[in-house]
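Here is what each chain is made of, one letter per residue.
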Amino acid sequence: MSHSRDPYDRSHEPQADDVYGQEPWMLDPFADPYTGQTAQTPPEGYTPEQLYAQEPYVPGPETGQMLAQTGYPPAYEGDYQTGDYRTGEFRGGFEPEFEAWPTADEMRAEEPEAEQERAKGGRMAAAAAAAAAARPRLRRVRRQRGRRLDNTVLVALGLVGAMAVALLLNRPHQWEQPKLAADSSAPTAATVVCPGKPKSGADQVAVTNAAKGSGKVTLSGPGAGDGAETTAGSGKVTSASVKPGSVVVKAGKEVAPGLVAGRSTTKPLAATGCLPPQAEAWFPGVGAGATHNSILELTNPNSGAATVDISLYDEKGVVAVPEDLRGVAIPGNTTRTFDLLHVIPRKGELSLKTTVVRGQAGVMVRDRAIALETEKGTEDYFPGQSTPAETNLLVGYPNKSASRTLTVTNPGDAQVSAELRLLTPKNVLTPEGAPEISVPPNGQTQVDLTRLLGKDSAGDAYGVEIVATGPVATAMRSVDRGDVAITTATETISEPTAVVVPAGGGVGKKRVLISGPVAKTGTSGTVKVVPMTAKGKALKAKSVDVGPGLGAEVEVPAEAALIQLVPAGVEINAAVVMSGDGDAVVPFRPLRTEVRTAGVAPGLPLPLER
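Values in this document were obtained by computation on a predicted structure and should not be read as measured data.

Bringing the overall build of the chain into the picture now. On a plain count of helices and strands, the chain comes out with eight helices and 37 strands. Burial analysis of the chain (610 residues in total) assigns 43% to the buried set. In the chain, of all internal contacts separated by at least 6 residues, the share reaching a separation of at least 24 is 79%. Only carbon and sulfur atoms are counted for the fraction: they give 52% of the accessible area of the chain, which is about 32,100 Å².

A word on unusual backbone geometry. Residues K267 and P268 are joined by a peptide bond in cis, for which omega reads 0 degrees. Tracing the backbone through its elements, the reader meets P268 in the loop between β10 (259-266) and β11 (270-273). The backbone phi angle of K267 is positive, close to 55 degrees, even though this residue is not glycine. With respect to the secondary-structure elements, K267 resides in the loop between β10 and β11. Note on K267: relative accessible area 58%, which makes it exposed.

Attention now goes to the state of the cysteines. Tallying each qualifying case throughout the model produces one disulfide. Put simply, C194 and C274 are joined by a disulfide, and their sulfur atoms are 1.9 Å apart. Taking the sign of the S-S torsion, about 105 degrees here, the bridge from C194 to C274 comes out right-handed. Here the residue C194 occupies a position in strand β4 (residues 190-194), and C274 occupies one in the loop between β11 and β12 (280-287), the gap between them amounting to 80 residues. Residue C194 is classed as buried on the basis of its relative accessible area, which comes to 0%.

Moving on to the pattern of salt bridges. Throughout the structure, instances matching the rule amount to 10 salt bridges. In this structure, R477 engages D367 in a salt bridge whose closest nitrogen and oxygen atoms are separated by 2.6 Å. One end of the pair, R477, is in strand β27 (residues 463-480); the other, D367, is in strand β19 (residues 362-370), with 110 residues separating them in the sequence. For the pair R477 and D367, a shared accessibility class is recorded, and that class is buried. Close ionic contact of E491 with R589 constitutes a salt bridge, the shortest N to O distance being 2.9 Å. Note that E491 is positioned in the loop between β28 (483-488) and β29 (497-500) and R589 in the loop between β36 (582-587) and β37 (595-597), a separation of 98 residues in sequence. Counted as one network, the salt bridges with shared partners bring together E297, R366, R368 and E379.

What counts and what doesn't
Residues numbered from 1 in each chain as written. Predicted model: local features only at pLDDT ≥ 70, side-chain atom pairs only at ≥ 80, totals over all residues. Heavy atoms only, no water. Helix = DSSP H or I, 4+ residues; strand = E, 2+ residues; numbered from the N terminus. Buried < 20%, exposed > 50% of the residue type's maximum accessible area, 1.4 Å probe, protein only. Contact = heavy atoms within 4.5 Å. Areas by Shrake-Rupley, 256 points an atom, 1.4 Å probe, with all protein chains shown as cover. Disulfide = S-S within 2.5 Å. Salt bridge = Lys/Arg side-chain N within 4 Å of Asp/Glu carboxyl O.

Here it is in structure tokens:
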């Protein structure tokens, strides 16, 4: 309990809103507490020694009141404590409202009144009176909660704006790209692969140049033994005797533009063109059974190793490939032969696809028909289709045949529907009774066309058009009295081209069948057919008009060994059909007369697709 005379007992002093009285020198550290003061009478009940013995009282945080000297901020008010913020309002910081204490100048302005009070009650009373008098005039201070942005934020926003302006001023799709024409030059080398010969018949490999070049060509591969060399002249056909194996024909820069080679036999008749290495090839309708069998040949024309992947399809989809056909490795300058009857024996036809994944390889199939009664077989060449297409033209087939089977292969993952039309010299028509063709995904469908193509309404037809809802590969197999002939989808030709064909005994009638562009937007033009003998003598040439839906059939002399086609302003598909001791179909293909190199330039980026 405090003594009534205790100088530290302040219970009798009045309180005014929790503000303790202080002398001006407590509020202004630079003020002189005794300047201008006069002698004062100590308050009643206190001696001067007791008053001067008191220590200055500075309120602290325990008092609950913030004063200028304490350094402790008050509790934040309002939404800072409740967490109630308005959405979307940016707040630079929370600065609460509070009552600011008077400045030193304001306190000095009240000093006269304080002196009067000090005259009555001493220093402590004067300080209390000065504080009480100053309180009603305290300034109400409210610091505005401004949306002040940090300098880093301002810099970031400025950079984003500058980038946006730059993109608007320099849009990528408006940049001009250099217009560089592709370089075109004559090839300095050319390589074609001729397949091995069938089991029987006199065999030959014929070489020529359909352009104006003449020079030496080399023959290599299993069919050439230790290698051979022959001459290829412009328009002159040179025949070379070779062994039954495959033959690789290589030409230098003198003969490479326009190099043409072929392999054929007579008695029975079989013929094909020698093809350059292909990255991909399709063979719809190969056999692996007792009466229909096929032989696959893979030839590597280079010294480095090559690898070929093989895929098989049937009516139900993809067929599991035997181990012998998985990732077939072909050493340099060798040929690997696979008899499907021994590799994957089965009843029914298959569709075969080859894909070269390493190196280069020439791919060819020999198709064989075998009579069970006599076990006699005949063979013909089966050239592959390089790429499936939605529209396939199968130009040329024998006039008479005991059976005709069309195979349509769908490499896609969705079912495909196809429509069959007939190519005639005057129009393209859908015959009465044409079958509806539906091909399952990753599968094949076979259609018997024997009766359809044997009707009188199809007597002048020379080809079949297959129009599908998706890319397909097609081929037709014709068999007559044990002889087989294969018709595959032909390639479109717009430049001069040529094929070599067998001549002499065993070869009779030769027909050149030409189909104009089927699309209505195609153009019309003329095609000149020029047959030539092996010595380069031109026989009677003939020009025909072709156009959309308009084709032609031209018969050439039996002694023709080279047939040239020269289209003028029109795209065509064409083949040669030969008959004699059997039948054979040789399609025309584009010649490799130039090499095109894309133009390359540094600097500008590619335009963005819009």
